[in-house]
Amino acid sequence: DTEVTQTPKHLVMGMTNKKSLKCEQHMGHRAMYWYKQKAKKPPELMFVYSYEKLSINESVPSRFSPECPNSSLLNLHLHALQPEDSALYLCASSQEFRALGNEQFFGPGTRLTVL
Amino acid sequence: QKEVEQDPGPLSVPEGAIVSLNCTYSNSAFQYFMWYRQYSRKGPELLMYTYSSGNKEDGRFTAQVDKSSKYISLFIRDSQPSDSATYLCAAESGTYKYIFGTGTRLKVLA
C-alpha cells in the first residue's frame, strides 16, 4: 500500500477561522512532509517531520502550525490565514529523512480557499 | 538560474505519438531524479525514480539521465489522452529537499 490520504478534500475558511488539515500514511514511513502548491507552480516545501519530531521549517509564517501526533499522522493547524494562503496543500511521506534514494509519495491534497 | 529548468509547455501531441519531456539541472550534487505526473487539482503521482546516468523503463515510460550534460528526460510511448497531465521533474542530492522543475503541461489529442 503506497497510499497517503488527506482530509478534507476541500476547505473554505474565513480569515478569523481555525481549521486543521489531516494526513495519514500506513507505509511505516518515518518522514512526513507538508507542501504548498499554487496554481501552475511546483510544490513548495513547508515542514518536514522525522520520527515525529519537527526537523525542518522552511520559514513558514506562524499562522501555520504543524503537529505529528504519531508516526502515521500529520496535522496542519491553520489560524488567521490570508487570502493569498489559498492553495493546494499536499502531504507526502518517505521511508527516511535525509537519506539518498528516498522516494516521496504524495497524497491527493486539500484544496484550501481563504475568504 | 533555477537549479532545475523545465519547459512549461503546453505540449500538444496526437494520440499514439512518442512524447519527450525534458529537464536540465545545474547542481552537480544531484544524484537522484524523479518524474511525477499530476492531474489537474490532484496530488503528484510518482512515475519514475532513477539514480545516476542511464535508462530506466516501466511499461510505456522510459526515464533517461545524462549526468555529463545534466539532462533528464521522460519518454512516453503510444501516448493516450489519459496521459494528459502536468509532468514534474525533480532532483535530490541527499539533503532533505526535492528541487522541482516548474512542470510541463501535456495534452494528448484523441
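The structure this text deals with has already been given above.
The structure presented is a predicted model; accordingly, all values stated were derived computationally and were not measured.

Caption draft 1: Looking closely at the packing of aromatic side chains. Taken as a whole, this structure holds 13 aromatic pairs over all chains when the rule is applied. On the basis of an interplanar angle of 55° and a centroid distance of 6.5 Å, the ring pair of B:Tyr36 and B:Tyr98 is categorised as tilted. With B:Tyr36 in strand β4 (residues 32-38) and B:Tyr98 in the loop between β9 (85-92) and β10 (99-100), this residue pair connects regions lying 62 residues apart in the sequence. Take B:Tyr36 and B:Tyr98: they sit in the same class, and that class is buried. Considering the side-chain rings of B:Tyr36 and B:Phe100, the 6.1 Å spacing of their centres and the 50° angle between planes classify their relative orientation as tilted. Separated by 64 residues along the polypeptide, B:Tyr36 in strand β4 and B:Phe100 in strand β10 bring together distant segments of the chain. Note on B:Phe100: relative accessible area 10%, which makes it buried. Here the aromatic residues A:Tyr33, A:Tyr35, A:Phe106, B:Tyr36, B:Tyr98 and B:Phe100 are joined through ring pairs into a cluster of three or more. The ring of B:Tyr51 has B:Lys67 lying over it, and the distance from NZ or CZ to the ring centre is 5.9 Å.

Caption draft 2: Focus on the pairing of strand β6 (residues 54-58) of chain B. Residues and elements named next belong to chain B. As judged from the five bridges shared by β6 and strand β7 (residues 61-66), these two strands associate in the antiparallel manner. Counterpart to Glu57 in the pairing with β7 is Thr62. Connecting β6 to the next strand, β7, in antiparallel fashion are two residues, including Gly59 with a positive phi near 65°.

Caption draft 3: Region of the structure containing the sheet that holds β7(B). Residue and element names in this part refer to chain B. The strand order across the open sheet built from five strands is β1-β3-β8-β7-β6, with neighbouring strands paired in antiparallel fashion. Whereas interior strands pair on both sides, the edge strands pair on one side only; in this sheet they are β1 (4-6) and β6. Direction aside, the axes of adjacent strands within the sheet are offset by 20° on average. Pairing of β7 with strand β8 (residues 71-76) involves six bridges; the strand directions are antiparallel. Paired with Asp66 across the bridge in β8 is Tyr71.

Caption draft 4: Region of interest: the interface of chain B and chain A. At the interface, 22 residues of chain B touch 25 residues of chain A. Where chain B abuts chain A, roughly 1,900 Å² becomes buried across the two surfaces, and 60% of that area is made up of carbon and sulfur atoms. If you look at where chain B meets chain A, you find one salt bridge. A salt bridge links A:Glu58 to B:Lys97; its shortest N-O distance comes to 2.8 Å. Mapped by element, the contributors of at least two residues to the side of chain B that touches chain A are β4, β5 (45-51) and β9 of chain B. Element by element, the count of residues in the side of chain B that touches chain A is highest for β4(B), at three residues. Residues that form the side of chain B that touches chain A fall into these classes: nine nonpolar, eight polar and five charged.

Parameters and conventions
Residues numbered from 1 in each chain as written. Chains lettered and ligands numbered in written order. Predicted model: local features only at pLDDT ≥ 70, side-chain atom pairs only at ≥ 80, totals over all residues. Heavy atoms only, no water. Phe/Tyr/Trp six-rings, centres within 6.5 Å; stacked < 30°, edge-to-face > 60°. Helix = DSSP H or I, 4+ residues; strand = E, 2+ residues; numbered from the N terminus. Buried < 20%, exposed > 50% of the residue type's maximum accessible area, 1.4 Å probe, protein only. Lys NZ or Arg CZ within 6 Å of the ring centre and 35° of its normal. Pairing = 2+ DSSP bridges. Axes fitted to C-alpha atoms, helices over the stretch in contact; angles between N-to-C directions. Contact = heavy atoms within 4.5 Å. Buried area = accessible area lost by both parts, 1.4 Å probe. Salt bridge = Lys/Arg side-chain N within 4 Å of Asp/Glu carboxyl O. Nonpolar A, V, L, I, M, F, W, Y, C, P; charged D, E, K, R; others polar.

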